[in-house]
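Chain by chain, the residues run as shown.
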Amino acid sequence: MRQLNIVFGEFARGCMQCQLGIKNVLFITGLCPLNCFYCPVNRDRFGRDVMFINDRPVNKFPDDIIDELDRAGSNGLAITGGDPIMVVDRVVELVKILKDSYGQGFHIHMYTHALNASEDAIRKLTGSGIDEVRIHATNPTQLNGKLDLIKALKDAGIELGLEVPALPRFENDIIKVAELLIINRLIGFVNLNELDVSPANIETLIKMGYRPGPDGSVIGSIGAGIKIASEIRRRWPWINVNVCTSRYKDLAQIGSRLFRINMRISAGDEAVLDDGTLESQDNRGVVIKLRIGGKEYTVESG
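As recorded in an unreviewed UniProt entry, the chain goes by the name Radical SAM protein, listed as coming from Vulcanisaeta souniana JCM 11219.

What follows is the structure in structure tokens.
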């Protein structure tokens, strides 16, 4: 059986919360000027300024976000995109609202591509109160002129890490990116995510010679992640490295969050199963329910 994930050292704090299902995910915008060949964001989101919290549409900001955080009993928030730095004012506003509402212990992390970092955006983030920023860069040239900006985040007390997909054939480039960030004492962890296949990237991936696997990820991605992680730990053993599989995200992160939500909102005649789905009994027999993003799916048996 394939491992769920491979950890060298310890999880970053944001990852620990995801593992427990106590951190929710906000897709804050689909805007991003880049066109990375591996980007899995579907075309109904990419390039559009739309928001989703746990895959539920955000029509009223920030009320819908707070409503979902309360519904889920969340202790933190992961801000993704697109690239959240493209709407940095929205990020800063939301961080302030959430810290005021839930306290300074409410952990918030976000992702951003190094190429999209600007002096103005970084200045705003340094004073925002955000806890953790995960830098995306797959080639050391993408860090040209950006190290001082990243250092400004570090000097502001923000925890920094490198988070990229585990790209076969790009292992050496990713190691060089990690080297630049590590020798400049900018990051404390590296996350390597199994490369997901989606309708948005499948054609490009195939053209580049990648092969989609039966589980919806690129064959060889986990091997690439382990190779990168092993080299990073060999050279810099104090850096925490996590190779995160697609299966881990589905079962551990999303499943744990779904379990937590359904434990809070299930009715008296419903039981929450280990995978987060609901089981209820009525006059037709056993009914299995799955609630995702505010939608309910039902399967009858018996």
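Next comes the rest of the account.
Enquirer: Explain unusual backbone geometry here, please?
Expert: For the bond running from Phe-61 to Pro-62, omega is 0°, close enough to zero to count as cis. The residue Pro-62 is located in the loop between β4 (56-57) and α2 (63-72) in this model. Although it is not a glycine, Arg-169 adopts a positive phi angle of roughly 80°. Tracing the backbone through its elements, the reader meets Arg-169 in the loop between β8 (159-165) and α6 (171-183). Of note in this structure, Arg-185 is not a glycine but carries a positive phi near 55°.

Enquirer: Even after reading the chapter, I still don't get the sheet that holds strand β1 (residues 5-8), so can you show me in this structure?
Expert: In sheet architecture, strand pairing relies on hydrogen bonds along the backbone and comes in two forms, parallel and antiparallel. Spatial ordering of the open sheet is given by β1-β10-β9-β8-β7-β6-β5-β2-β3-β4, a layout of ten strands whose pairing is mixed. A single partner strand is all that each edge strand has here, and the edge strands are β1 and β4. Across five bridges, strand β9 (residues 189-193) lies against strand β10 (residues 240-244) in parallel orientation. Counted as the bridge partner of Asn-193 is Cys-244 from β10.

Enquirer: Honestly, the environment of Ile-150 in this entry has me stumped. Any pointers?
Expert: Among the structural elements, Ile-150 can be located in helix α5 (residues 147-155). The class of Ile-150 is buried, set by a relative accessible area of 3%. C-alpha of Ile-150 to C-alpha of Ile-187: the two residues are 37 residues apart in sequence and 9.4 Å apart in space.

Enquirer: Got a minute to help me understand the packing of aromatic side chains in this structure?
Expert: Any aromatic ring pair is given by two values, namely how distant the centres are and how the planes are angled relative to each other. Under the criterion given, the structure shown has five aromatic pairs. Arranged with centres 5.8 Å apart and planes meeting at 35°, the rings of Phe-37 and Phe-170 form a pair that is tilted. One end of the pair, Phe-37, is in the loop between β2 (23-29) and β3 (52-53); the other, Phe-170, is in the loop between β8 and α6, and 133 residues separate them in sequence. Ring geometry for Phe-37 versus Tyr-210: centroids 6.3 Å apart, planes at 5°, classification stacked. Linking Phe-37 in the loop between β2 and β3 with Tyr-210 in the loop between α7 (202-207) and α8 (221-235), this pair joins segments that are 173 residues apart in sequence. Grouped by ring-pair contacts, the aromatic residues Phe-37, Tyr-38, Phe-170 and Tyr-210 constitute a single cluster. The ring centre of Phe-27 lies 5.0 Å from the NZ or CZ of Arg-45, which sits over that ring. When the ring centre of Phe-52 is taken as origin, the NZ or CZ atom of Arg-45, which lies over that ring, is 3.9 Å away.

Enquirer: Whenever I open this one, the pairing of β10 confuses me. Can you help?
Expert: Across a regular strand the side chains alternate sides, sitting on one face of the sheet and then on the other. Of all five residues making up β10, four are buried, and the element is well covered by its neighbours. Across four bridges, β1 lies against β10 in antiparallel orientation. Residue pairing in the sheet places Asn-5 in a bridge with Cys-244 of β10.

Enquirer: What is the right way to read the side chain of Glu-163 from this model?
Expert: Residue position: Glu-163 is located in strand β8. Here Glu-163 falls in the buried class, since its relative accessible area comes to 8%. In terms of polar contacts, Glu-163 uses its side chain to reach the side chain of Arg-134, at 2.9 Å. Setting aside residues no more than four positions away along its own chain, Glu-163 makes contact with Tyr-111, Arg-134, Ile-135, His-136, Asn-191 and Asn-193.

Enquirer: Looking at this model, I keep getting lost on the nonpolar core. Mind explaining?
Expert: Generally speaking, soluble globular proteins have nonpolar side chains that are buried together. If you look at the biggest cluster of nonpolar residues, it comprises 64 residues, and the most contacted ones within it are Leu-77, Leu-192 and Ile-232. Looking at this core, the element that brings in the most residues is α6, giving six residues. Beyond its immediate stretch of four places on either side in the chain, Leu-77 contacts Lys-23, Asn-24, Val-25, Leu-26, Ile-53, Leu-69, Leu-94, Leu-98, Phe-106, His-107, Ile-108 and His-109. Listed in part, the six residues of the second largest apolar core include Phe-27, Cys-39, Val-41 and Phe-52.

Enquirer: Help me out: how do you make sense of the side chain of Lys-99 in this one?
Expert: Among the structural elements, Lys-99 can be located in helix α3 (residues 88-102). A distance of 3.0 Å separates a polar side-chain atom of Lys-99 from the backbone oxygen of Gln-104. Leave out the neighbours within four places in its chain, and Lys-99 touches Gln-104, Phe-106, Ile-108, Gly-129 and Asp-131.

Enquirer: Sorry, what's going on with the packing of α6 against α8 here?
Expert: Each packed pair of helices is defined by two parameters, the angle between the axes and the distance between the axes. Packing of α6 against α8 leaves a shortest axis separation of 10 Å and a crossing angle of 35°. α8 is crossed by α6, and the crossing has right-handed handedness. Residue-level inspection shows Glu-171, Ile-174, Ile-175, Ala-178, Glu-179 and Ile-182 of α6 in contact with α8, the latter providing Ala-224, Lys-227, Ile-228, Glu-231, Ile-232 and Arg-235. Its residues assigned to classes, the contact of α6 with α8 comprises seven nonpolar, no polar and five charged.

Conventions and cut-offs
- Residues numbered from 1 in each chain as written.
- Predicted model: local features only at pLDDT ≥ 70, side-chain atom pairs only at ≥ 80, totals over all residues.
- Heavy atoms only, no water.
- Helix = DSSP H or I, 4+ residues; strand = E, 2+ residues; numbered from the N terminus.
- Pairing = 2+ DSSP bridges.
- Buried < 20%, exposed > 50% of the residue type's maximum accessible area, 1.4 Å probe, protein only.
- Phe/Tyr/Trp six-rings, centres within 6.5 Å; stacked < 30°, edge-to-face > 60°.
- Lys NZ or Arg CZ within 6 Å of the ring centre and 35° of its normal.
- Polar contact = N/O pair within 3.5 Å; in protein donor to acceptor, adjacent residues only side chain to side chain.
- Contact = heavy atoms within 4.5 Å.
- Core = buried A, V, L, I, M, F, W, Y, C linked by side-chain atoms within 4.5 Å.
- Axes fitted to C-alpha atoms, helices over the stretch in contact; angles between N-to-C directions.
- Left-handed = near helix turned anticlockwise from the far one by under 90°.
- Nonpolar A, V, L, I, M, F, W, Y, C, P; charged D, E, K, R; others polar.

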